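Residue-level structure breakdown
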Amino acid sequence: MLDIRFSSALKAMLYLAATAEHDPADPPTSSSAQLADVLATNPSLVRKLLVPLVHGGLVESTKGRAGGARLARPADEITLAEIYRCSVGDKPLWACRPDTASCEATANTEEFFSRLNADTEQAVLGVLGERTLADSLAEVRSLRETAAPR
């Protein structure tokens, strides 16, 4: 099953970054219902999605009827690597079947996959660490502008 936590968190963060542009000094908050509309999901899932982003210091959240979420830092100070790490935690990209040591080709595959996963994770974090949320919002907007009319 594909894990969509990162893509969902990134979409929510892009939305919060866009809303922050209207008043950078005092960005408005977005309710979980507003974010749910953006993500085409339910507010309960959005609240669960926001928890690690709040704990990671990327989002500020206020509870209550007039509450909501907003970026905790400017979008140009938040990297995609931070969003990724907050949203997926320490979950590996993939898991290996347990070693059965039935033959030379399959023995020690758990260790092999562990090393392969670590190398891949480092590469992913390297790429994501070079992009900020602000860069990504600009790129998404440029894609919209260059998209062919339907």
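Residues numbered from 1 in each chain as written. Predicted model: local features only at pLDDT ≥ 70, side-chain atom pairs only at ≥ 80, totals over all residues. Heavy atoms only, no water.

So, on to helix α1 (residues 5–20). Over its 16 residues, α1 extends 22 Å from the first C-alpha to the last, a length consistent with the 22 Å expected when each residue adds 1.5 Å. Most of α1 is tucked away: twelve of the 16 residues are buried. Every buried residue of α1 is accounted for by Phe 6, Ser 8, Ala 9, Leu 10, Ala 12, Met 13, Leu 14, Leu 16, Ala 17, Ala 18, Thr 19 and Ala 20. (Helix = DSSP H or I, 4+ residues; strand = E, 2+ residues; numbered from the N terminus. Expected span 1.5 Å × (residues − 1). Buried < 20%, exposed > 50% of the residue type's maximum accessible area, 1.4 Å probe, protein only.)

Let us look at the nonpolar core. Counting 31 residues, the largest nonpolar core has Met 13, Leu 53, Leu 58, Val 59, Leu 71, Ile 83 and Leu 133 as its most contacted members. If you list the elements that add at least two residues to this core, you get α1, α2 (32–39), α3 (43–55), β2 (68–71), α4 (80–88) and α6 (133–146). For this core, the leading source of residues is α1, giving nine residues. Beyond its immediate chain neighbours, meaning those up to four positions away, Leu 71 contacts Met 13, Leu 16, Ala 17, Leu 58, Val 59, Glu 60, Ile 78 and Leu 133. (Core = buried A, V, L, I, M, F, W, Y, C linked by side-chain atoms within 4.5 Å. Contact = heavy atoms within 4.5 Å.)

The subject of this paragraph is the packing of aromatic side chains. Considering all chains together, one arrives at two aromatic pairs under this definition. Ring geometry for Phe 6 against Tyr 84: centres 5.3 Å apart, planes inclined by 80°, an arrangement best described as edge-to-face. Here Phe 6 is found in helix α1, whereas its partner Tyr 84 is found in helix α4, with 78 residues between them in sequence. The pair Phe 6 / Tyr 84 is uniform in exposure class, with both members buried. A ring pair is formed by Phe 112 and Phe 113, whose centres lie 5.8 Å apart and whose planes are at 85°; its orientation type is edge-to-face. Owing to a relative accessible area of 49%, Phe 112 belongs among the partly exposed residues under this scheme. (Phe/Tyr/Trp six-rings, centres within 6.5 Å; stacked < 30°, edge-to-face > 60°.)

To continue, consider the packing of α1 against α6. Two packed helices can be described by the angle between their axes and the distance between those axes. It is at 10 Å that the axes of α1 and α6 come closest, and there the two elements cross at 90°. Of the possible angle classes, the one that applies to α1 and α6 is roughly perpendicular. Packed against α1, whose contacting residues are Leu 10, Met 13, Leu 14, Ala 17 and Ala 18, the element α6 presents Leu 133, Ser 136, Leu 137, Val 140 and Arg 141 at the interface. Residue composition of the contact of α1 with α6, grouped by class: eight nonpolar, one polar and one charged. (Axes fitted to C-alpha atoms, helices over the stretch in contact; angles between N-to-C directions. Parallel < 35°, antiparallel > 145°, perpendicular 65-115°, else oblique. Nonpolar A, V, L, I, M, F, W, Y, C, P; charged D, E, K, R; others polar.)

So, about the pattern of salt bridges. In the structure shown here, the tally under the stated rule is nine salt bridges. Put simply, Glu 21 and Arg 141 hold a salt bridge, and the shortest N to O gap is 2.8 Å. Taken as a pair, Glu 21 in the loop between α1 and α2 and Arg 141 in helix α6 lie far apart in primary sequence, 120 residues in all. A salt bridge links Arg 70 to Glu 60, with the shortest nitrogen-to-oxygen separation between them at 3.1 Å. On the criterion of sequence distance, the pair formed by Arg 70 in strand β2 and Glu 60 in strand β1 (residues 59–62) is long-range, its members being ten residues apart. Residue classification places Glu 60 among the partly exposed positions, given a relative accessible area of 36%. Salt bridges sharing common partners tie together Asp 3, Arg 5 and Lys 91. (Salt bridge = Lys/Arg side-chain N within 4 Å of Asp/Glu carboxyl O.)

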